[in-house]
Structures are given as C-alpha cells and as structure tokens.
Amino acid sequence: LPISWSFGEIASIRAQNLDKEPYRSVKKKFQNGIETVRSILFYITLFVVLLLVQLGLNLLGWIPKSGVPVGSFIFNLNTLISLILLFLCIAIVMGVILIPSYRIYSPFSEIRLSHTIALLKKIANKFLQYLTIVIPSLVFSVIAMLIPFIVVALVSVFTFYLKESVIEIKINKLKSIQATTQDLVTADSLHLQIEHLISLQQFPLNARQDLEHRKILSTELIFSLEDIKLENEDYLRNVEQFDKKIEFLQNKIEERRTNNPSDNALSDLNDEKVQLQSELRNYRQAKTDEIARLVVQVDYLALKKKQIPSLFFIGGIWLVIFGGIVLAFVISYLGNVFHRVYVFRMDDERSYWSATIDQMRKKDSKQPLLGGTLFLITVLIVYLLFTRISVNSTLFSFLVDIFNY
C-alpha cells in the first residue's frame, strides 16, 4: 500500500509536469496516491472475503454439485470463486504498478465491474512491456540506490565508532574507580556497570546473541529473585536464633546475679554473651552485604532484560528512517519508470518514445549522442567479456576497426 501511494503520486506529478515545482505547491495536489491505495485495498479486502467464503463452504460441505452458467460454460461454485480469486490476484499484483497511471488517463472506479474488466484488459495489453522492463529497472534502481546507501553506511560506521569511543572513556573511568574501592558491594556494582557498557559498546554486533539469550536472562532473573527470598528468610531465622541465645544468656546472668552476686560463672556467661553479640554483628554485616550483592545482580539482570527490547526498538526506528531514505530513491526511480512504460505508446497517439527523443533534442541536441556513447561502451564491455581476449589488444583492435569504419 505505501508503494502504491508513492507510485500514484509520482504518476500524478509526472502527468501534470509538476516535477520541477516546489514541494509546498505539489503536496496540495496529492490525491491520486490515496485513490490508488483505496483501489488496491478494495481488491485485497474482496480477495480475503472470497477466500474465507470458499474455505468456509469447503469446510462445511456446502459446495453444490450443480454449476453456475457463465456464457456457454457451466462452472462449479468453488471453481468460479477460484477463478475470481485468480483475477483479483492479478489485479492486485499488477495493479500496484499499473493502477497509479491508469487512473490518470482512464475513468476508473474499483467498485464498478466494467472498470475492473477494462483494467484487466489493460493489464493484458501492458503485461509484456512491464515484464521486459522489470529486470533492467531493478538493476538501475540498485545503481541509483548505491549513493544514498554508501552515505548511510559511512554515517553508520562513523556513529558506531563514535559510540565505541565514548563508551570506552566511561569504561576506563569506572575501572579506575573500581580499582580504588574497598567495598565489595560497590565493586560488584561497578563490575556489572562495566559489563553493561561493554554490551552496549558491541551493539548491534551482538544483537542476535542477546536475542537468543533473552530466555536464559529471564531464567537467571527468576532464580536470582528466589535466591534473595531464601537469603532473607535464612537471615531472619538465624538472627532470631541469635536473639534467643542472647536473651537466654541475659536471663541466666540476671538470675545468678540475683541469687549469688559473687558467682565466678558470671564472668564466663558475660564473655559468652559478648561473643554471641559480636558473631551476630558480623553475621548481620556479611549477610547484608551478600543480599545487597544479590540485589545488585537482580537490578543488572532486570536492566538488561528491559534494555534488549529498547535497543531493538531504537535499532528498528533507525533502520526504518535510514532504510526509508535509501528505498526512497528506488521507489522514486521505479515510479517514474512504470509511468513512462504505461505512456510508452498511447492509443491513437504518437509514440511516447519518439516524442521524448524530440523533446530531449530541443533541450540539448547532444542528448542522443550521450545515449549512443553509453551504448557503445556497453557493447565494448560485453564484447570484452565474451571474447576473453587480452584487454589491451582487444581494445586497440576494436578502436582501430571503429575508426576505419
């Protein structure tokens, strides 16, 4: 549909000789492209509806054995629908390149059967012309695409290396901070940040690998969350046990102090209590650090999981924008070619080819000479390729023959 719209507006601009006009004045006259899209969309919708009807009738067994008379032929309903689908398929495929110009020179309404039949007749008349021009037009469209493709490729390479340089500076900065830090949690956080930047630095070269490992990433994230849950439960359980032991020692110390203040065992009980309190503090610190490191790991995995779709979305936008710039040259070239093919010879009119040559001669008499020169160069290249003779000797003899002639 976008291609149909582009071809429709190109055909309208060429038919009205507006190709030299500024865009602001031309865009107000955009209409043929929308009408072309409407026609193609109507045929596509009709094709889908008839296909679903045929499938439904076949599945339910409602196809009657008796046929539908069409002229001197009798068609089974299934065969008749298949025949209509075939013609609709032809109208859709060929209509994309023919309807844009056909609408300009002939009255056309897709909802009228007579106009659709006339379109199919025109497709039959123009089919060979379009068929013979498809391969050459595709070759020259690729040539026309080379310059914008090279520009986009150079910009992409420059952007990629610029991104690498900026990220490399950030990585070196984080590595210097990591080398001086003493905190294990901070060191782990910096390590994961560096890994994240390295992943961004390698994008889009590692895009396929990241996409394939996305399920593994989700699994690791689930397991890491489960580890945090288990570690928290283990932490609370062990702290509770420590608190109970300390409370038990404290009650025992108070009981003995009340009964016998000069009991020598009080000193041992106090030392045991202090030792338990010290073990509790160390355990709290170690467990807190361990859980904090797991949290950092979870944050990193969650960030990476969210990052993959974002990077692909940004890459898709970049591909659409710059790919559209490149394809715009191809679509513009093909739109002009298909319009020229359609008006190559109008009925009861002078040949478009001869009229174009006269017009070019009036503008510049050397235009045919340029075409002839290109033709001779092409013949020379083909001659050298097929004869497989030394380039120097063949070129020399070929030029001598031309000058002698």
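Okay, so let's go over this structure. All of these numbers come straight from a predicted model, not from anything done at the bench. (Residues numbered from 1 in each chain as written. Predicted model: local features only at pLDDT ≥ 70, side-chain atom pairs only at ≥ 80, totals over all residues. Heavy atoms only, no water.)

**A few points about the overall build of the protein chain**
So, step 1. Scanning the protein chain from N- to C-terminus turns up 12 helices and 2 strands.
So, step 2. Traced from its N-terminal end to its C-terminal end, the protein chain shows the element sequence α-α-α-β-β-α-α-α-α-α-α-α-α-α.
So, step 3. Looking at the protein chain residue by residue over its 405 residues, the buried ones come to 29%.
So, step 4. Contacts in the protein chain between residues far apart in sequence, at least 24 positions, make up 71% of those at least 6 positions apart. (Helix = DSSP H or I, 4+ residues; strand = E, 2+ residues; numbered from the N terminus. Buried < 20%, exposed > 50% of the residue type's maximum accessible area, 1.4 Å probe, protein only. Contact = heavy atoms within 4.5 Å.)

**Thoughts on the pattern of salt bridges**
So, step 1. Tallied over the entire structure, the rule returns 9 salt bridges.
So, step 2. In this structure, Glu35 and Arg103 form a salt bridge, with 3.5 Å as the shortest nitrogen-oxygen distance. In this pair, Glu35 sits in helix H3 (residues 32-60) while Arg103 sits in helix H4 (residues 77-105), placing the two residues 68 residues apart along the sequence. Comparing Glu35 with Arg103 shows no difference in burial state: the two are buried.
So, step 3. Salt-bridge contacts for Glu110 lead to Arg38; the nearest nitrogen and oxygen are separated by 3.0 Å. Of this pair, Glu110 sits in the loop between H4 and helix H5 (113-180) while Arg38 sits in helix H3, and the two are 72 residues apart along the sequence.
So, step 4. Residue Glu110 is classed as buried on the basis of its relative accessible area, which comes to 6%.
So, step 5. One network of salt bridges, with partners in common, ties together Glu231, Asp234, Arg237, Lys287 and Glu290. (Salt bridge = Lys/Arg side-chain N within 4 Å of Asp/Glu carboxyl O.)

**Topic: the nonpolar core**
So, step 1. Formed by 26 residues in total, the largest nonpolar core has its most connected members in Tyr43, Leu98, Leu119 and Tyr130.
So, step 2. Contributing elements (two or more residues each) for this core: H3, H4, H5 and helix H9 (265-342).
So, step 3. When neighbours within four sequence positions are excluded, Tyr43 is seen to be in contact with Leu88, Ala91, Ile92, Ile99, Phe108, Glu110, Thr116 and Leu119.
So, step 4. One finds Val239, Phe242, Leu276 and Leu280 within the second-largest nonpolar core, a separate group that totals 12 residues. (Core = buried A, V, L, I, M, F, W, Y, C linked by side-chain atoms within 4.5 Å.)

**Looking at the environment of Leu280**
So, step 1. Mapped onto the elements of the fold, Leu280 is located in helix H9.
So, step 2. Take Leu280: its relative accessible area is 8%, and that puts it in the buried class.
So, step 3. As for Leu280 and Val239, which are separated by 41 residues in sequence, their C-alpha atoms are 7.1 Å apart.
So, step 4. If sequence neighbours within four positions are ignored, Leu280 has contacts with Val239, Phe242, Asp243 and Ile246.

**Describing the layout of surface pockets**
So, step 1. Computed from the structure, the second largest pocket encloses a volume of approximately 600 Å³.
So, step 2. For the lining of the second largest pocket, the secondary-structure elements that each account for two or more residues are H5 and H9.
So, step 3. Looking at the lining of the second largest pocket element by element, the count peaks at 7 residues for H9.
So, step 4. Here the lining of the second largest pocket is built from residues that sort into 13 nonpolar, 4 polar and 1 charged. (1 Å grid on protein atoms, 1.4 Å probe; cavity = no way out; pocket = protein on both sides within 12 Å on 5 of 7 lines; lining within 4 Å. Points joined across faces, edges and corners; volume = space filled by probe spheres on them. Nonpolar A, V, L, I, M, F, W, Y, C, P; charged D, E, K, R; others polar.)

**So, a nonpolar patch on the surface**
So, step 1. A contiguous nonpolar patch, built from Val134, Ile135, Leu138, Val139, Phe140, Val142, Ile143, Leu146, Phe149, Ile150 and Leu154 and spanning about 1,000 Å² of accessible area, is present on the exposed surface.
So, step 2. Relative to the helices and strands, Ile143 resides in helix H5. (Patch = residues over 30% accessible without salt bridge, like charges linked within 9 Å, V, L, I, M, F, W, Y side chains within 5 Å. Areas by Shrake-Rupley, 256 points an atom, 1.4 Å probe, with all protein chains shown as cover.)

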